2 protein chains.
Amino acid sequence: MKKLDKITPLENNFPKWYQDVIKQGDLIHYGQTKGSMIFKPISYGIWENIQIKLNKILKKINVQNVYLPLMIPMSFIEKEKKHIKGFAPELAIITKTGNKKLEEEFAIRPTSESLFGELFSSSVRSHNDLPILYNQWANIVRWEKTTNPFLRNREFLWQEGHTVHSSAIEARKFTRKIIKLYAKFLKNYLAIPVIVGKKTSKEKFAGAVSTYTVEAMMKDGKALQSGTSHYLGQNFSKAFNIQFTNKNNQKEYAFQTSWGVSTRLIGAIIMSHSDNRGIIIPPKIAPNQIDILPLFSKKNVEVEKESKKMYKILSRSFRVRIDVSNKGVGFKASNSEIQGTPLRIEVGPRDLKENLITLIRRDTLEKKQINIYDIKKEVKKILLDIQKNLYEKAKKMTYNNIVKVTSYDEFKNHINNKKFVLVPFIGNAQDEEKIQKETGATARCIPFEFKIQKNKKCFFTNKKTKRLVLFARAY
Amino acid sequence: MKKLDKITPLENNFPKWYQDVIKQGDLIHYGQTKGSMIFKPISYGIWENIQIKLNKILKKINVQNVYLPLMIPMSFIEKEKKHIKGFAPELAIITKTGNKKLEEEFAIRPTSESLFGELFSSSVRSHNDLPILYNQWANIVRWEKTTNPFLRNREFLWQEGHTVHSSAIEARKFTRKIIKLYAKFLKNYLAIPVIVGKKTSKEKFAGAVSTYTVEAMMKDGKALQSGTSHYLGQNFSKAFNIQFTNKNNQKEYAFQTSWGVSTRLIGAIIMSHSDNRGIIIPPKIAPNQIDILPLFSKKNVEVEKESKKMYKILSRSFRVRIDVSNKGVGFKASNSEIQGTPLRIEVGPRDLKENLITLIRRDTLEKKQINIYDIKKEVKKILLDIQKNLYEKAKKMTYNNIVKVTSYDEFKNHINNKKFVLVPFIGNAQDEEKIQKETGATARCIPFEFKIQKNKKCFFTNKKTKRLVLFARAY
């Protein structure tokens with residue numbers, strides 16, 4: 001039996017708190033080699049639920065799932081590199097099989113852009129074939145030097161959407177459709193509010209014409225880029241020769257988009273909702289929505305029977321666990337808490353005689369005694385309320401910590417106070433680099449929701465601009 | 001627009017037929033490098049449905065999904081090799097990142113046995129922690145010299161279950177539970193009948209004490225091993241030091257099982273059900289259960305409107321596609337056929353005036369005109385019937401082609417006639433090798449369902465035995 005150690009308070013040491021929450025919650029198992037980790041049932045369960053829910057949403061807009069090879073010939077990577085400057089993830093490279101040297105080396109996919117390029121190049125012919133809306137769920141390898149669970153790993157899981165369109169307008173529209181869909185998904189399922197916007201040209205994906213992002217505020221005030229959607233224009237279609245015959249029977253390079261979210265979202269959930277007792281998982285994507293805990297030191301037949309009955313009934317509508325072991329009352333409760341189950345039900349012998357059970361919410365720790373016959377109705381109501389409460393709390397935290405300033409002094413001050421800072425800014429990439437060097441903050445996005453009507457002075461260059469940019473320190 | 005080429009008749013050239021069905025059905029796209037292929041929406045869609053259905057079944061018996069690293073340190077592989085003789089898949093090996101040579105090389109997982117070993121070794125402590133029932137959905141790489149889509153690929157997708165138990169009896173029971181679960185799954189969802197049994201010691205997985213298998217008969221009479229479940233005993237727990245404290249407070253090596261099915265099942269579906277018009281996909285796992293084909297040469301507002309209405313209604317209960325393009329009637333119909341959609345609905349302008357539509361079954365090609373108001377009821381009934389019919393046909397084919405013989409001459413004769421041959425057999429691995437060399441047949445399994453009561457003479461060694469073994473040529 002695992003001893004439940006304490007978690008470092010988040011106010012004292014946020015990175016340590018994050019590590020503790022993950023370890024104590026039994027979310028992962030560290031491998032014996034650097035940077036490798038195992039997704040245990042709770043973290044993988046979150047990812048599975050994200051997959052199920054997002055798949056449903058993507059299928060509604062006619063996106064189809066496909067699966068491309070893990071191993072990419074180095075010649076493809078070179079082709080991509082030649083055309084798309086600036087995107088150079090550290091590759092893991094296969095050079096031999098058994099003891100035989102390979103004639104051509106393979107990279108493990110750091111993204112599947114080049115293979116999609118090859119696929120589209122050989123299958124797109126006419127405007128009648130378009131749009132093609134593909135998505136892939138896959139594992140990705142990038143040989144990161146420093147790693148941090150869920151946030152930066154040598155291997156991670158993601159979905160990558162790749163679409164081909166016959167017009168720039170249609171592709172641009174689709175890029176924005178996806179970023180809004182991500183924002184809604186994070187709000188409705190992960191209970192995470194996000195700031196949606198466009199990346200500055202310094203921060204956009206090297207292969208893109210424009211990049212849109214959803215940025216979420218973590219409990220330490222840092223931003224986490226939680227999903228991106230790229231309008232690729234004709235960059236990749238020119239690199240990979242993806243041409244179609246248009247309505248006027250002329251050859252034209254196709255217009256593309258790509259977009260993705262990853263297991264980073266698990267990190268986002270942890271740092272948006274959790275507390276000093278451990279992770280709190282929003283009910284809609286929690287692998288275990290309810291823990292039923294029969295409380296007895298020695299087996300109690302009646303308590304066990306009623307608990308199992310409850311388990312059977314609730315399992316029809318919810319994801320439920322039951323712990324009928326002889327472990328102590330306190331251990332069972334802390335175990336449920338530290339693993340972030342949104343709601344636990346305690347079934348004790350004395351209460352049961354009066355048909356009473358106790359519901360304890362993970363988010364507010366509120367206890368409520370209810371009649372056992374009201375269970376289904378009550379559970380449903382409380383789970384909905386937890387989902388709503390988590391979102392409202394995160395939203396409050398986010399919007400209470402966004403400030404608008406106009407001078408660099410104020411900017412520095414607020415960045416040091418862990419704020420999201422909105423400023424009129426029209427500087428270039430070098431200006432952004434200077435700001436980052438001096439304050440640690442980067443341009444997160446040009447947000448959709450905040451606008452200025454009249455020209456203002458740029459806080460950094462003093463030039464006139466209507467562009468409002470969100471800066472923050474970020475993961 | 002893709003031209004629909006002809007498919008080589010299966011009677012003429014079965015391997016060519018298989019390749020044609022896959023190509024014409026747009027199931028995959030061959031990559032530019034040998035052995036690499038892309039799962040396009042129809043084949044990946046089948047795999048997704050297999051995942052969804054099988055996950056539900058596995059979760060009901062408390063199996064939890066986890067995810068382990070793709071890259072395995074070579075030292076782990078060596079550890080496994082030292083203990084488990086005879087399992088030596090050709091490994092793809094990562095030796096460098098970018099241009100930097102790695103200190104320790106990594107293999108791409110050919111299975112995750114060794115990583116599960118390490119995980120269990122460091123997390124199993126007491127009998128209270130057991131059983132642990134884990135499963136992983138993952139991509140696997142084995143550097144095969146000859147490849148065949150879905151059947152033998154350098155990369156494939158599978159699920160691998162790994163469980164740990166505190167007693168041999170419990171682990172053995174679980175091994176058999178899984179093989180029966182696979183048999184039921186193949187029957188109920190893929191409409192594939194299987195022969196369930198135990199492998200001979202020559203044919204079992206090298207690391208297992210015993211291996212159980214589900215063997216299906218393909219339309220060319222060959223067997224396809226479609227799923228296996230291994231009782232590993234203490235082989236891996238001794239190799240990886242997985243010990244637990246038992247109820248008497250003594251240390252004991254744990255008992256393990258492992259089991260899996262893979263994207264091979266897509267090959268099984270093709271070769272069990274398809275015909276000279278292309279693939280036929282069982283409705284329960286078909287990515288598209290219904291194709292709605294509005295028939296018009298020029299757009300017809302009424303036909304399109306009614307078709308879209310139908311699409312909306314049917315989409316609530318079924319997986320439906322609609323093709324509102326101006327493509328010709330014949331093209332739309334053959335496209336639906338060749339992609340194996342179980343049921344297509346043709347909506348023509350003349351019929352529609354009388355509220356009539358035509359349903360065409362993919363399996364029997366039967367046409368039925370029905371009133372548009374009966375659509376939901378009719379569609380449901382027909383899809384169920386197609387599922388049943390596919391299973392019945394495959395079952396008939398399988399059982400009509402199983403023969404019981406007693407002499408080697410008869411055996412050779414029937415193997416040449418593409419039969420599954422049941423024989424009393426008690427020979428050893430060398431005998432099996434001789435038989436294979438002389439006839440091409442291998443011992444598929446010692447089936448559960450066929451028994452002999454009294455001792456008979458072994459068809460090969462003449463020794464007395466009650467053991468009945470199923471032989472066939474196999475993929």
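Computed from a predicted model, the values in this text were never measured in an experiment.

A. Region of interest: the domain arrangement of chain A. Along its sequence, chain A is carved into domain 1 (14-273), domain 2 (288-381) and domain 3 (402-472). The C-alpha-based centres of domain 2 of chain A and domain 3 of chain A are spaced at 50 Å.

B. Geometry of the packing of helix α1 (residues 14-24) of chain A against helix α7 (residues 264-273) of chain A. Residues and elements named next belong to chain A. Between α1 and α7, the least distance of the axes is 11 Å, while the angle of their chain directions is 115 degrees. The orientation of α1 with respect to α7, classified from their angle, is roughly perpendicular. The chirality of how α1 crosses α7 is right-handed. Contacts between α1 and α7 pair F14, W17, Y18, V21 and I22 from the former with G267, I270 and M271 from the latter. The residue makeup of the contact of α1 with α7, split by class, is seven nonpolar, one polar and no charged.

C. Spatial organisation of the packing of helix α8 (residues 301-315) of chain A against helix α11 (residues 375-400) of chain A. All names here are of chain A. Direction vectors running N to C along α8 and α11 enclose 55 degrees, while the axes themselves pass 11 Å from each other. Compared by their axis directions, α8 and α11 come out oblique. Seen from above, α8 lies across α11 with right-handed handedness. Contacts from M310, I313 and L314 of α8 reach α11 at I375, K376 and V379. Residue composition of the contact of α8 with α11, grouped by class: five nonpolar, no polar and one charged.

D. Quick peek at the relation of the copies chain A and chain B. Overlay of chain A on chain B (RMSD 0.0 Å): rotation 180 degrees, translation along the axis 0.0 Å. The relationship between the two copies is best expressed as a two-fold rotation axis. Considering only C-alpha atoms, the part of chain A nearest the rotation axis is I94 of chain A, at 2.1 Å. Looking at chain A, 100% of its interface residues are interface residues in chain B too, so the copies touch through the same face.

E. Layout of the sheet that holds strand β15 (residues 290-294) of chain A. Residues and elements named next belong to chain A. Ordered by their spatial adjacency, five strands build an open sheet running β16-β15-β17-β18-β19, and the pairing between neighbours is mixed. Edge positions in the open sheet fall to β16 (320-322) and β19 (367-371), since each of these has one partner strand only. Put simply, the sheet's adjacent strands are angled 25 degrees from each other on average, direction ignored. Here five bridges tie β15 to strand β17 (residues 343-347), and the two strands are oriented parallel to one another. Directly across from I292, in β17, lies its bridge partner I345.

F. Focus on the interface of chain A and chain B. Taken together, the contacts link 52 residues of chain A with 53 residues of chain B. Inspection of the chain A/chain B interface yields four salt bridges. K59 of chain B is the salt-bridge partner of E48 of chain A, the closest N and O atoms lying 3.1 Å from each other. Where chain A packs against chain B, one counts 24 residue pairs in polar contact (both at pLDDT 80 or more). Among the elements that line the side of chain A that touches chain B, the one with the most residues is strand β5 (residues 92-97) of chain A, at six residues. Here the residues of the side of chain A that touches chain B sort into 27 nonpolar, 14 polar and eleven charged. Sheet analysis places β5 of chain A next to strand β5 (residues 92-97) of chain B, joined by five bridges and oriented antiparallel. Within the sheet, the bridge partner assigned to I93 of chain A lies in β5 of chain B and is K96 of chain B.

G. Seen up close, the state of the cysteines. All names here are of chain A. Per the counting criterion, the structure on display carries zero disulfides over all chains. No disulfide involves C445; its sulfur sits 16 Å from that of C458, the nearest cysteine. Under the relative-accessibility criterion, C458 is labelled buried at 1%.

H. Spatial organisation of the environment of T442 of chain A. As for its position among the elements, T442 of chain A is in strand β22 (residues 442-447). Along the sequence, T442 of chain A and F471 of chain A sit 29 residues apart, while their C-alpha atoms lie 5.4 Å from each other.

I. Looking closely at the pairing of strand β8 (residues 155-165) of chain A. Residues and elements named next belong to chain A. Burial analysis of β8 places eleven of its eleven residues in the buried class, which makes it a mostly covered element. Burial along β8 is two-sided: the residues E155, L157, Q159, G161, T163 and H165 and F156, W158, E160, H162 and V164 are all buried. Pairing of β8 with strand β14 (residues 255-262) involves eight bridges; the strand directions are antiparallel. Across the sheet, H162 pairs through a bridge with S258, a residue of β14.

J. A positive patch on the surface, seen in detail. A grouping of K56 and K60 of chain A together with K56 and K60 of chain B is seen on the molecular surface, where their side chains present a positively charged patch. Locating K56 of chain A in the fold gives a position in helix α2 (residues 41-60).

K. Inspection of the side chain of T341 of chain A at higher detail. Along the chain, T341 of chain A turns up in the loop between α9 (329-338) and β17. With near-sequence residues (within four places) excluded, T341 of chain A lies in contact with N288, Q289, I290, D291, R321, S336 and R362 of chain A.

L. Region of the structure containing unusual backbone geometry. Omega for the bond connecting L130 of chain A with P131 of chain A falls within 30 degrees of zero, at -5 degrees, which places this linkage in the cis form. Positive phi, close to 60 degrees, is recorded for A191 of chain B, a residue that is not glycine. Checked against the element boundaries, A191 of chain B lands in the loop between α5 (168-188) and β9 (195-198). Note on A191 of chain B: relative accessible area 1%, which makes it buried.

M. Quick look at the pattern of salt bridges. Residues and elements named next belong to chain A. Applying the stated criterion across every chain yields a total of 36 salt bridges over all chains. With its nearest N and O atoms 2.7 Å apart, the salt bridge here joins D385 to R361. Taken together, the positions of D385 in helix α11 and R361 in strand β18 (residues 356-361) put the pair 24 residues apart, joining distant regions of the chain. Note on D385: relative accessible area 34%, which makes it partly exposed. Look at the salt bridges and you will find they share partners, linking R277, E337, R344 and E346 into a network.

N. The packing of aromatic side chains, seen in detail. All names here are of chain A. Tallying each qualifying case throughout the model produces 44 aromatic pairs over all chains. Measuring from centroid to centroid gives 5.8 Å for F425 and F459, while their planes differ by 55 degrees, and the two rings are tilted. With F425 in the loop between β21 (420-424) and α13 (429-439) and F459 in the loop between β23 (456-457) and β24 (464-465), this pair connects stretches of sequence that are 34 residues apart. The exposure classification of F425 matches that of F459, with both residues buried. Grouping aromatic residues by their ring pairs yields a cluster made of Y408, F411, F425, F459, F460 and F471. Of note, K284 hangs over the ring of Y189, and the distance from its end group to the ring centre comes to 5.4 Å.

What counts and what doesn't
Residues numbered from 1 in each chain as written. Chains lettered and ligands numbered in written order. Predicted model: local features only at pLDDT ≥ 70, side-chain atom pairs only at ≥ 80, totals over all residues. Heavy atoms only, no water. Domains from an automatic or database assignment. Axes fitted to C-alpha atoms, helices over the stretch in contact; angles between N-to-C directions. Helix = DSSP H or I, 4+ residues; strand = E, 2+ residues; numbered from the N terminus. Parallel < 35°, antiparallel > 145°, perpendicular 65-115°, else oblique. Left-handed = near helix turned anticlockwise from the far one by under 90°. Contact = heavy atoms within 4.5 Å. Nonpolar A, V, L, I, M, F, W, Y, C, P; charged D, E, K, R; others polar. Least-squares fit on C-alpha atoms with pLDDT ≥ 70 in both. Pairing = 2+ DSSP bridges. Salt bridge = Lys/Arg side-chain N within 4 Å of Asp/Glu carboxyl O. Polar contact = N/O pair within 3.5 Å; in protein donor to acceptor, adjacent residues only side chain to side chain. Disulfide = S-S within 2.5 Å. Buried < 20%, exposed > 50% of the residue type's maximum accessible area, 1.4 Å probe, protein only. Patch = residues over 30% accessible without salt bridge, like charges linked within 9 Å, V, L, I, M, F, W, Y side chains within 5 Å. Areas by Shrake-Rupley, 256 points an atom, 1.4 Å probe, with all protein chains shown as cover. Lys, Arg positive; Asp, Glu negative; His and termini not counted. Charge placed at Lys NZ, Arg CZ, Asp CG, Glu CD. Phe/Tyr/Trp six-rings, centres within 6.5 Å; stacked < 30°, edge-to-face > 60°. Lys NZ or Arg CZ within 6 Å of the ring centre and 35° of its normal.

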